[in-house]
Amino acid sequence: LASESGTGKELYAQAIHNASPRSREVFVAINCANFNANTLESELFGYVEGAFTGAKRGGKIGLFEAASGGTLFLDEVSEMDLGLQAKLLRALQEGRVRPVGGVEEVEADVRLICASNADLQSYIAAGKFRRDLYYRLSTFQIHIPPLRERRGDIPALAFVILQELSKKLKRSVTISTEALDILTTHDWPGNVRELRNVLEFAAYLSPDGAVLPESLPGDLLCTQKGPPLTLAQRVKEFERREAL
């Protein structure tokens, strides 16, 4: 999966899993950018007791083993260390993984879905991503367009997000036609992640449960387009409206 940040790559990966013969098995996701090389290796392949200082008694199974029979989603795979890329390639070729500090290998029958918002071809040219791993992973490529190029998805996405917010806030949250029209005209540089944040912001300002145009952040109501408000600016806007 290739796309800009915030487009909902994990949702796409989950949808692929749900529509596959593996849907009854587990779906496991991890963001490779959140870990250093050693920690990510332990997360993916597990480790045996005593493999390193601080290793848990009895060791730990890795995500490859945990997701066996199901799907493992690696987000931001471009940020993986080159040495670990080699180990990932071997795991894919052999269908087996070796825990950190271990001797015996463990079978791991997983469907692997990888995603990146980086241009992997430029990473390969710069020596930051293995060409052989790229070819192994790119059997079937999917490009996810940014939200501004699929505005027709915004109403459906908003509906799903508001359902989740209704459960979180323990009250029904809906959206008016006028407010939805404003959402569909915005460019959404932060994609689905920004849409979710905007709707959560609006839901807190809609105690009666209906998101109206006046509930939306000020930058969406401006005719002149600009960068989205920062978290600090949104908090300030929220406090200003609460004081009215």
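Scroll up a little and you will see the structure.
Reading the values: rules and limits
Residues numbered from 1 in each chain as written. Predicted model: local features only at pLDDT ≥ 70, side-chain atom pairs only at ≥ 80, totals over all residues. Heavy atoms only, no water. Helix = DSSP H or I, 4+ residues; strand = E, 2+ residues; numbered from the N terminus. Buried < 20%, exposed > 50% of the residue type's maximum accessible area, 1.4 Å probe, protein only. Axes fitted to C-alpha atoms, helices over the stretch in contact; angles between N-to-C directions. Parallel < 35°, antiparallel > 145°, perpendicular 65-115°, else oblique. Left-handed = near helix turned anticlockwise from the far one by under 90°. Contact = heavy atoms within 4.5 Å. Nonpolar A, V, L, I, M, F, W, Y, C, P; charged D, E, K, R; others polar. Salt bridge = Lys/Arg side-chain N within 4 Å of Asp/Glu carboxyl O.

Let us look at the environment of Phe201. Take Phe201: it is sitting in helix 9 (residues 191-204). In this structure Phe201 comes out as buried when scored by relative accessible area, which is 10%. Sequence-wise, Phe201 and Pro217 are 16 residues apart; in three dimensions their C-alpha atoms are separated by 7.5 Å.

Interaxial distance between helix 7 (residues 154-169) and helix 8 (residues 177-185) falls to 10 Å at its minimum, and their mutual angle equals 120°. Here helix 7 is positioned oblique relative to helix 8, judged by the angle of their axes. Regarding helix 7 and helix 8, the two cross each other, and that crossing is right-handed. The residues of helix 8 that touch helix 7, namely those facing Ile154, Pro155 and Ala158, are Leu180, Leu183 and Thr184. Residue composition of the contact of helix 7 with helix 8, grouped by class: 5 nonpolar, 1 polar and no charged.

Moving on, we come to the environment of Glu149. Summarising the element assignment, Glu149 is placed in the loop between helix 6 (131-137) and helix 7. Taking the relative accessible area as the measure of exposure, Glu149 reaches 57% and is therefore exposed. Each C-alpha atom, one on Glu149 and one on Asp187, is 8.6 Å from the other, the two residues being 38 residues apart in sequence.

Before going further, it helps to spend a moment on the side chain of Glu41. Positionally, Glu41 belongs in helix 2 (residues 37-45). The class of Glu41 is buried, set by a relative accessible area of 14%. Look past the residues within four positions of Glu41 in its chain and what remains in contact with it is Gly46, Leu84, Lys87 and Val100.

Right, let's get into the pattern of salt bridges. Within this structure, the stated rule accounts for 14 salt bridges. Lys9 is the salt-bridge partner of Glu76, the closest N and O atoms lying 3.9 Å from each other. Within this pair, whereas Glu76 is found in the loop between strand 4 (71-75) and helix 4 (82-94), its partner Lys9 is found in helix 1 (residues 9-18), the two being separated by 67 residues in sequence. Look at Glu76 and you get buried, because its relative accessible area is 10%. Relative accessible area serves as the criterion here: at 5%, Lys9 is assigned to the buried category. For Asp153, the salt bridge is made with Arg150, and the minimal N-O distance between the two is 3.3 Å. According to the relative accessible area criterion, Asp153 is partly exposed, its value standing at 33%. Here the salt bridges do not stand alone but share partners, grouping Arg90, Arg96, Arg98, Glu105 and Glu107 into one network.

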